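# What the coordinates show
Single-letter residue listing:
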Amino acid sequence: MSLAPTPVLSAPTASLLELIGRSPMVEVTKIDAGPCRLFLKLESQNPGGSIKDRIALSMIAAAEQEGFLKPGGTIVEATAGNTGLALTLVGQAKGYKVLLVIPDKMSKEKIQHLRAMGADVRLTRSDVPHGHPEYYTDMAERLAQQIPGGFYVNQFANDANSLAHFETTGPEIWEQMDHKLDAFVAGIGSGGTITGIGRFLKSVGSDAKIILADPVGSTLAGIVNDGVPGPEGSYTVEGIGQNFVPDTADMSLIDVAYSIPDAEAIATVRNLLLKEGVLAGSSSGTLIAAALRWCREQTEPKRVVTFVCDTGAKYLSKVYNDAWLADQGLGERELHGDLSDLISRKYDAGDIVVIGPEDTLDTAFKRMKGADVSQLPVIDDGRLVGIVDESDIVQAMHTDDITREARFRALVRSVMTRDLDTVQVAEPLEALIPLFDRDRVAIVLDGEQFVGLITRSDLINHLSLNR
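Right, let's talk about the overall build of the chain for a bit. When helices and strands are tallied, the chain shows 15 helices and 15 strands. Looking at the chain as a whole, 52% of its 467 residues qualify as buried. When contacts within the chain are restricted to residue pairs at least 6 apart in sequence, those whose partners lie at least 24 apart make up 66%. Computing the positive centroid from 44 side-chain charges and the negative centroid from 64, the chain places the two 4 Å apart.

Tallying each qualifying case throughout the model produces 7 aromatic pairs. Ring plane angle 55 degrees and centroid distance 6.1 Å describe the contact between F156 and F244, whose orientation is recorded as tilted. In this pair, F156 is assigned in the loop between strand 6 (150-152) and helix 5 (159-176) and F244 in the loop between helix 7 (220-226) and strand 9 (256-260), connecting sequence segments 88 residues apart. When the ring of Y347 is compared with that of F450, the centres are 5.4 Å apart and the planes differ by 45 degrees; the resulting orientation is tilted. Of this pair, Y347 sits in the loop between helix 10 (322-327) and helix 11 (361-371) while F450 sits in strand 15 (residues 449-454), placing them 103 residues apart in sequence. Take F450: its relative accessible area is 5%, and that puts it in the buried class. In this structure an aromatic cluster arises from ring pairing among Y135, Y136, F156 and F244.

Pairing in this open sheet of 3 strands is mixed, and the strands run 13-14-15 from one edge to the other. The two strands at the open ends of the sheet, each matched to only one other strand, are strand 13 (422-424) and strand 15. Each strand of the sheet is rotated relative to its neighbour by a mean of 35 degrees, with strand direction disregarded.

Mapped onto the fold, S23 is located in the segment before strand 1 (25-27). Residue class for S23 comes out buried when judged on its relative accessible area of 3%. Leaving out residues up to four positions away in the same chain, S23 has contacts with K41, L42, E43, R54, E172 and Q176.

Here we come to the pairing of strand 7 (residues 183-186). Across the two faces of strand 7 the burial is the same, with A183 and V185 and F184 and A186 all buried. Judged from the 4 bridges that link them, strand 7 and strand 8 (residues 209-215) form a sheet pairing that is parallel. Its bridge partner lying in strand 8, A183 is registered against K209. In terms of strand pairing, strand 7 meets strand 10 (residues 303-308) through 2 bridges, oriented parallel. From the neighbouring strand, A183 faces strand 10, where its bridge partner is V304.

All right, on to the pattern of salt bridges then. According to the stated counting rule, one finds 20 salt bridges in the structure shown. Here K94 makes a salt bridge to E64, at a shortest N to O gap of 3.4 Å. With K94 in the loop between helix 2 (82-93) and strand 4 (97-103) and E64 in helix 1 (residues 52-66), this pair connects stretches of sequence that are 30 residues apart. We classify K94 as partly exposed; its relative accessible area is 36%. Via salt bridges that share partners, K41, E43, R54 and E172 belong to a single interconnected network.

In terms of nonpolar packing, the biggest core is built from 63 residues, with L38, L181, F184 and L201 touching the most fellow members. At 8 residues, the largest contribution of residues to this core is made by helix 9 (residues 282-297). Each residue touching L38, except ones within four places of it in the same chain, is listed here: V26, E27, V28, A33, I288, A291, L292, V304 and T306. The next biggest cluster of nonpolar side chains, apart from the first, holds 29 residues, and it includes I55, A62, I111 and V121.

For V185, the position within the fold is in strand 7. Taking C-alpha positions, V185 is 28 Å from D104, a pair spaced 81 residues apart along the chain. For V185, the residues in contact, after removing those within four places along its chain, are I211, A213, L287, A290, A291, V304, V305, T306 and F307.

Take the environment of G81 next. Along the chain, G81 turns up in the loop between strand 3 (74-78) and helix 2. By relative accessible area, G81 is classed as buried at 1%. Residues G81 and M368 lie 287 residues apart in sequence; the distance between their C-alpha atoms is 29 Å. With near-sequence residues (within four places) excluded, G81 lies in contact with K110 and L114.

Let us look at the sheet that holds strand 5 (residues 120-124). Judged by pairing direction, the sheet is parallel, and its 4 strands sit side by side in the order 5-4-3-6 without closing on themselves. The two strands at the open ends of the sheet, each matched to only one other strand, are strand 5 and strand 6. Ignoring strand direction, the axes of neighbouring strands in this sheet form an average angle of 20 degrees. Pairing geometry for strand 3 and strand 6, over 3 bridges, is parallel.

Once that is clear, we can look at unusual backbone geometry. If you check the backbone angles, R22 has positive phi at about 55 degrees while not being a glycine. For H179, which is not glycine, the phi dihedral falls at a positive 65 degrees. The topology assignment puts H179 in the loop between helix 5 and strand 7.

Analysis parameters
- Residues numbered from 1 in each chain as written.
- Predicted model: local features only at pLDDT ≥ 70, side-chain atom pairs only at ≥ 80, totals over all residues.
- Heavy atoms only, no water.
- Helix = DSSP H or I, 4+ residues; strand = E, 2+ residues; numbered from the N terminus.
- Buried < 20%, exposed > 50% of the residue type's maximum accessible area, 1.4 Å probe, protein only.
- Contact = heavy atoms within 4.5 Å.
- Lys, Arg positive; Asp, Glu negative; His and termini not counted.
- Charge placed at Lys NZ, Arg CZ, Asp CG, Glu CD.
- Phe/Tyr/Trp six-rings, centres within 6.5 Å; stacked < 30°, edge-to-face > 60°.
- Pairing = 2+ DSSP bridges.
- Axes fitted to C-alpha atoms, helices over the stretch in contact; angles between N-to-C directions.
- Salt bridge = Lys/Arg side-chain N within 4 Å of Asp/Glu carboxyl O.
- Core = buried A, V, L, I, M, F, W, Y, C linked by side-chain atoms within 4.5 Å.

Have a look at this one:
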């Protein structure tokens, strides 16, 4: 029996920074790419979990060399999350403080990750345009000027951003593809990736098409395809798309752009996990969807590269959360034209956290906290028998004749509300208003069968999605 070849492994390193770059490449084999071969460079394998590790290392090194960042200084940046994580990783390794300004639409995983790493995170509005004082880049620049020793990185106009990709990512792709590349697909967040790699490919004589993947709602695809900004709107994909052209972005390098709606991007990235086993972030869905569109338009075999920009572990509460997708109007769900269309978490699908009448108040409270809800349906033998909310538990805590420990051991049936405010699933929206006027949650039934709950927020969300 022959022995397996000894794997070639790198020696241990004393710094995570030495592990940035040299990311692996994998071919998509279970998703239809037409006549083409589609390859994904797994930038999610960087120490900070994204492609932004490369530019953070480059931009901080350039700032040190040029004297803009000195010992004890503070790195300040506007970021959708990944650049912030990368800057915190590199900055803390080098002994700097890090302050980050982040739009409030970013996933909670990113924000929690940043704060756990010790970054000073300032959330700002994501519904204001470039030039508004609360727009994230404007706020970051202002804060950097106010902080002694503050250095505003400004990835959107920092030459070291695209240089990182010209010197590392581009050469890696060229080597991994054995100098045979027909198309390269990227998005524009700051513009450094598509610019640096595009310039590198031109420098080595490659005639590969440079393709922009842009979210619907970003104006950049229109500039590429029509010479004028495209329609501006909102989108949920994080990290790419802009309503202005960043200084770092060389738009002349781009041959064609594809506008990808959120629903297509999210369906693509979820299909990537299902079919290929790759857990990727939301922007990767936009890139891969655009790459697949281009591939399927071809009549001859082509070799195409795009990225898994970051790990999908940062988006479990959003892209991989069916209830969140339903709230955004992005999930694939059957509509019935009745009140059930307002319910994103349905009892018969097992989406609702419930409690039993013989469970304790301690159990009920812990379930509320774990599910981030303020009320629980009480189910006994598959039948709705009551509802318990935070006010019921608070009231039980005010009983003075027993200890606090004993109060939490009290059973749900002793405090739950049995007089339920119910509506039938076929009733009109107007039937909800009297319940909300009494500060109640609407309990929706289909005959005697429990369907789910509707809150004020559910109603507002429904009206917003169907305005």
